[in-house]
Amino acid sequence: MRVRFITTVIFTTFFITHSFAQNKGVTISGIIKDKVNKTTLSYVNVVLKTEKDSAFVTGTVSNEEGRFTLSNVIPNNYYFEISFIGYITKKQSIYVGSLSDYLDVANIDLEEDSKTLSEVVVSAKQDEVGSKMDKKTFTVEENISQSGGSVLQTMQNLPGVTVQDGKVQLRGNDKVTVLMDGKQTALTGFGSQSGLDNIPSSAIEKIEIINNPSAKYDANGNAGIINIVMKKNKQGGFNGKIGFTTGIGSLWIRQENLPSIRPQYQFTPKINPSLSVNYRKKKINIFFQADNLYTQTLNKNEFVTRTYDDGTIIQQQLKRNRNTNYFTSKTGIDWSFNNNTLSISALFGSEKIIDKGDQPFYNVDNTERLRLWQFLEDEQKTTIMATATYVHKFKQAGHSLNIGLNYTFHREDEKYFYDNYLPTSNGTDAFQLLSDEQVYDFNLDHIKPLKYGRIETGIKLRSRNIPTNMEFIPGVNSVLDINAGGWANYKEIIPALYGNYVFENKKWEAELGLRIEYVKIQYEVNPNHNTYKSDGYNYTQPFPNGRFAYKINDHNKISLFYNRRVDRPNEVDIRIFPKYDDAEIIKVGNPALRPQFTNSIELGFKTSWNKGYLYSAAYHRFADGTITRISSIAPNSNLIYAIFQNGGKSYNTGLEIVLSQEVTKWYSFNLNTNGYLNQINAFTVENKYPVPNTFTANKQEIISGNIKLNNAFHFSKNFDAQLTANYLAPDILPQGKNAQRFTLDLGIKKSIQKGKGEVFLNASDLLNTMIIKKEIRGQGFKYTSTDYYETQVIRLGYNYKF
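What counts and what doesn't
Residues numbered from 1 in each chain as written. Predicted model: local features only at pLDDT ≥ 70, side-chain atom pairs only at ≥ 80, totals over all residues. Heavy atoms only, no water. Pairing = 2+ DSSP bridges. Helix = DSSP H or I, 4+ residues; strand = E, 2+ residues; numbered from the N terminus. Axes fitted to C-alpha atoms, helices over the stretch in contact; angles between N-to-C directions. Phe/Tyr/Trp six-rings, centres within 6.5 Å; stacked < 30°, edge-to-face > 60°. Buried < 20%, exposed > 50% of the residue type's maximum accessible area, 1.4 Å probe, protein only. Patch = residues over 30% accessible without salt bridge, like charges linked within 9 Å, V, L, I, M, F, W, Y side chains within 5 Å. Areas by Shrake-Rupley, 256 points an atom, 1.4 Å probe, with all protein chains shown as cover. Salt bridge = Lys/Arg side-chain N within 4 Å of Asp/Glu carboxyl O.

### A look at the sheet that holds strand β30 (residues 627-633)
Here is step 1: The strand order across the open sheet built from three strands is β27-β31-β30, with neighbouring strands paired in mixed fashion. Edge positions in the sheet fall to β27 (585-588) and β30, since each has one partner strand and no second. Between one strand axis and the next, the sheet turns through 30° on average, direction left out of account.
Here is step 2: Where β27 lies against strand β31 (residues 640-646), four bridges are found, and the strand directions are parallel. Each residue of the ladder has a partner; that of I585, found in β31, is I640.

### Quick notes on the packing of aromatic side chains
Here is step 1: Counted by the stated rule, this structure contains 28 aromatic pairs.
Here is step 2: Note on Y537 and Y539: the rings are 6.4 Å apart at their centroids and 5° apart in plane angle, and the pair reads as stacked.
Here is step 3: Of the residues examined, Y537 reaches a relative accessible area of 12% and is grouped as buried.
Here is step 4: Its relative accessible area of 8% is what places Y539 among the buried residues.
Here is step 5: Clustering of aromatic rings is evident, with ring pairs tying together W373, Y416, Y418, F431, F472 and Y580.

### Some words on the sheet that holds strand β5 (residues 76-83)
Here is step 1: Across the sheet, which stays open at both edges, the four strands sit in the order β3-β2-β5-β6 with antiparallel pairing between neighbours. The open sheet is flanked by β3 (56-61) and β6 (90-96), the only strands paired with a single partner. Ignoring strand direction, the axes of neighbouring strands in this sheet form an average angle of 25°.
Here is step 2: Summarising the sheet, β5 and β6 pair through seven bridges and their orientation is antiparallel. Opposite E81, over in β6, you have K91 as the bridge partner.

### Structural notes on a nonpolar patch on the surface
Here is step 1: A cluster of nonpolar side chains, namely F238, I242, L275, Y279, I286, F288, I333, I344 and F802, defines an oily patch on the protein surface of about 760 Å² accessible area.
Here is step 2: Mapped by element, the contributors of at least two residues to the nonpolar patch are β14 (237-249), β15 (268-281) and β16 (284-308).
Here is step 3: Among the structural elements, I344 can be located in strand β18 (residues 340-362).

### A look at unusual backbone geometry
Here is step 1: In this model, Y689 is joined to P690 through a cis peptide bond whose omega is -5°.
Here is step 2: Residue position: P690 is located in the loop between β34 (683-687) and β35 (693-697).
Here is step 3: Non-glycine residue N72 carries a positive phi angle of around 60°.
Here is step 4: Secondary-structure assignment places N72 in strand β4 (residues 67-73).

### What to know about the pairing of strand β36 (residues 700-715)
Here is step 1: Here strand β33 (residues 667-680) pairs with β36 via 14 bridges, running antiparallel. What sits directly across from L671, in β36, is L709.
Here is step 2: As defined by bridge partners, β36 adjoins strand β37 (residues 719-728) across 10 bridges and the pair is classed as antiparallel. Across the sheet, the residue bridging to N710 is T724, located in β37.
Here is step 3: Hairpin connection, β36 to β37: the antiparallel pair is bridged by three residues, and K717 has positive phi, about 60°.

Here's what the structure looks like:
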């Protein structure tokens, strides 16, 4: 009879679990024990019912060790009904949310007599614009208007994200750490972001935006974290996806060249084939992914007017025609055995860039050419990454230990060739930069589910070494500063440990974390450099984070966040070599640059209703040692040198609002507005290159922001469309300001071949209005610039799933 009863329960459990399997949710676990002798009880019936109407949800029986697990439980109020022959049936309340993927109710005691047991309550929370309100998640496939482009182009249409000068900004701040599958890589930059405009979006599954990271993340990046999740299919058997996208850009000449230079790129081609395959059978999963993105672009077309206090006015244009081929591939294997998973993967990336540039300089009315600077850049970047991850899952559901090893090699090989045409003479110069970056990462992470949340702890070790060598090859009438070349070596050691505690019940949520990092940076400079000497710094600093939330009811929640973070100067920020991609506005690093520490607080509120929600957040950030470029001129020279400096204190106070609504079955929209006050306090710094000079800036402040409207249309016959409008208001720089910008993107997609295939067509910057204008003021000069770089691109693509 007992066996028959157990069989019935198992069958019922299978049926109920299968019925609810489509709702991916939380896993609940626990142990059933005898209350008196504390022995575990096997084959106990555990049924989960809704608290509102006692409807069955799912059920199971405890195993030989008394443990039970209920999976795929969606957020709601429930109660357990636990029954066993010879014991009193017990009812116990449980609140399930989505703050934790796993809930452990620990021990549930049954007693043989008729005593009444008090109820125990457990809690959690939900995740939409993050019900947790710290993260937004976007699927790349749904971003129709930027399909087939780069990751950077995809990001510019995401709510809360803007793009300025090739860098991603969150709430007007570009101090963003970009991760790939949760790790910092050379492809996206260790610390500061890089390379996003060359990574094909076809390789990406989704993008996560984390404005308020917890202590388990690296403390770098005061604006937040963007995590790029690569594609990796988990279906059984052999399956995959193949795609091909082609496009064309620079359809119009928006601004004619200055006289006597080579033509701008027009009708620039784009080609992006992609392939991802996956084979899963039993305990083995093998995956492979490859993407190649070839583009021709009018990468820069900047017109500058420089005005000096002595009355000199120089008109110039920097035109850069670029050919880029970016290939990336990733392969690996996952092996599951005895509650363990071992994953080994390798990534290879190759980026080839050829730039052909012209930079003419004229007098005020363009009647006299003062100089012509023509260049060819040949750059090859190679990235190799190997990763090994071991995950042990304990018997308790959600209790895991994760150990990871990661090795990255990144080579940067740049060759520049210059022709310098002056009224009375000509000159030819060249240089070669070789940089080999090696990074070793080790991490150990432990997650322990609790009755009311979880505890996360871990350690991280990083060793990073970047030797660089700049060889200047002067020609006739050279203008290169050959004494600013030579070798330099960047060394970074970062051990860190963290702890994070998450608590949740029906009304309250809390997350408290602390990360402690020791950082040691050494930058060795060759003793023959004419300006800079070896430098470095070290610190041991705590980086706390906190989040407290109160759930007013099922549709309204308010949260309070606090974060302390840091922005460590990256190697390219302190690199000692002058960069001549602009002949008379020359960029140089600064080995004396120090970290920028930032504290931020945020108050968020989210209310949801049928098919819509409203999210708002008021935030305030204050930074000390703000990192920025400062432009100055050397005595008796018209050359401008832009050098990284710590500029003192800065503040960013704002309000972000996200409104999302499905209006009809065929139309929905997402409106994101962000308004903020930017303030930069007065400061004084000394630029040492090429000769010491002092710069003083007065206090600046401006009210700025952006508005982004995403419109989604779902028509009949499997047609989808997206129309995105994006407006960015004027904003300040430490020495000036950016002008307003506007862009409109359109995309359409049709599902074909019974849902396995899709065809899409999109156009970015449909009205050709995205132009970058800025004004910079220095001591003794000012300049205004307008960049008519390529923004309008039309793409046609096809994807097929098999």
